[in-house]
Amino acid sequence: MGLLDWFKKQTKKDAIELKEEGNQRSIYATLNKAQGEGISHKEAQAMQAEILELLSKEDKNSAINFACQLLAKGQYEACIKAFEKIMEQEPSEKGTCENQIGAAYFFLGKYPEAIAHYLLSLQNGFDTEMLDYNIWEAAEEHYKATGDNTFVKTYLQHFPEGEARAAAVKLL
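Residues numbered from 1 in each chain as written. Predicted model: local features only at pLDDT ≥ 70, side-chain atom pairs only at ≥ 80, totals over all residues. Heavy atoms only, no water.

**Here's the deal with the overall build of the chain**
Counted only if it meets this: Only DSSP runs of H or I reaching four residues or more are called helices, and only runs of E reaching two or more are called strands; each is numbered from the N terminus. Accessibility here uses a 1.4 Å probe with only protein chains present; expressed as a share of the type maximum, an area under 20% marks a residue as buried, one over 50% as exposed, and anything in between as partly exposed. Contacts are assigned to residue pairs with any non-hydrogen atoms lying within 4.5 Å of each other. Only the protein chains shown count as cover for residues, and the accessible areas themselves come from Shrake-Rupley with a 1.4 Å probe.
Summing up its helical and strand segments, the chain has nine helices and zero strands in all. Along the chain, helices (α) and strands (β) appear in the sequence α-α-α-α-α-α-α-α-α when read from the amino end. Burial status across the chain gives 42% buried among its 172 residues. A sequence separation of at least 24 residues applies to 57% of the contacts in the chain between residues at least 6 apart. Carbon and sulfur atoms provide 48% of the accessible area of the chain, an area that totals close to 9,600 Å².

Below, the structure written as structure tokens:
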């Protein structure tokens, strides 16, 4: 997933800026498991409790930060569960959550699942330019892994004038 690459090409004005307001706090946590391993039921419950506590305090930004840290630390399954819970509690964040779930699946090498969540993110108003990049990246990786150009076609259906249009056309 090219989230960092996407941010690099944004101007400072276009980049997302996180601010602390009032008593709002950000909480970061890491589940201590080797990369790619699952989490225990007890760890999942603790993570869910933390997210629910943050959400009950109307601190959705901290809950999202918490879940993003799971993604950054390679805790992909935990990240997926965290964003699913946030999405359940905060439907207004569905676009963001679906994008991050897509990113977790991308890093797991599950490109069809990543694309499905990126498309849900697109339907829920997430940043079109970022999704152009993310969907193309997942479609291209899927093509490299399987030779199947189905998701290249999906990319072109949703982004007929997208940044990767020329590269996508070459794979058809």
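**Quick word on helix H6 (residues 111–123)**
Just so we agree on the cut-off: Multiply 1.5 Å by the residue count of a helix minus one, and that product is the helix's expected span.
The terminal C-alpha atoms of H6 lie 18 Å apart, and with 13 residues this matches the ideal 18 Å at 1.5 Å per residue to within 8%. Of the positions making up H6, those classed as buried are Tyr111, Ala114, Ile115, His117, Tyr118, Leu119 and Ser121. Considering only its buried residues, H6 is in contact with helix H5 (94–107), helix H7 (128–146) and helix H8 (150–158). Looking at the residues trailing H6, positive phi occurs at Gly125, about 80 degrees.

**Focus: the packing of aromatic side chains**
Our working definition: Note on aromatic pairs: the rings of Phe, Tyr and Trp (six-membered ring only in Trp) are paired at centre separations within 6.5 Å, and the planes decide the class, stacked below 30 degrees, edge-to-face beyond 60, tilted for the rest.
In the structure shown here, the tally under the stated rule is five aromatic pairs. Both rings, one in Phe106 and one in Phe107, keep their centres 5.7 Å apart while their planes meet at 75 degrees; by these two values the pair is edge-to-face. With a relative accessible area of 10%, Phe106 lands in the buried category. Judged by relative accessible area, which is 40%, Phe107 ranks as partly exposed. Members of the aromatic cluster, each reached through a chain of ring pairs, are Tyr76, Phe106, Phe107 and Tyr111.

**A short note on the side chain of His117**
Along the chain, His117 falls in helix H6. Excluding residues that lie within four positions of it along the chain, His117 makes contacts with Glu98, Asn99, Ile101, Gly102 and Tyr105.

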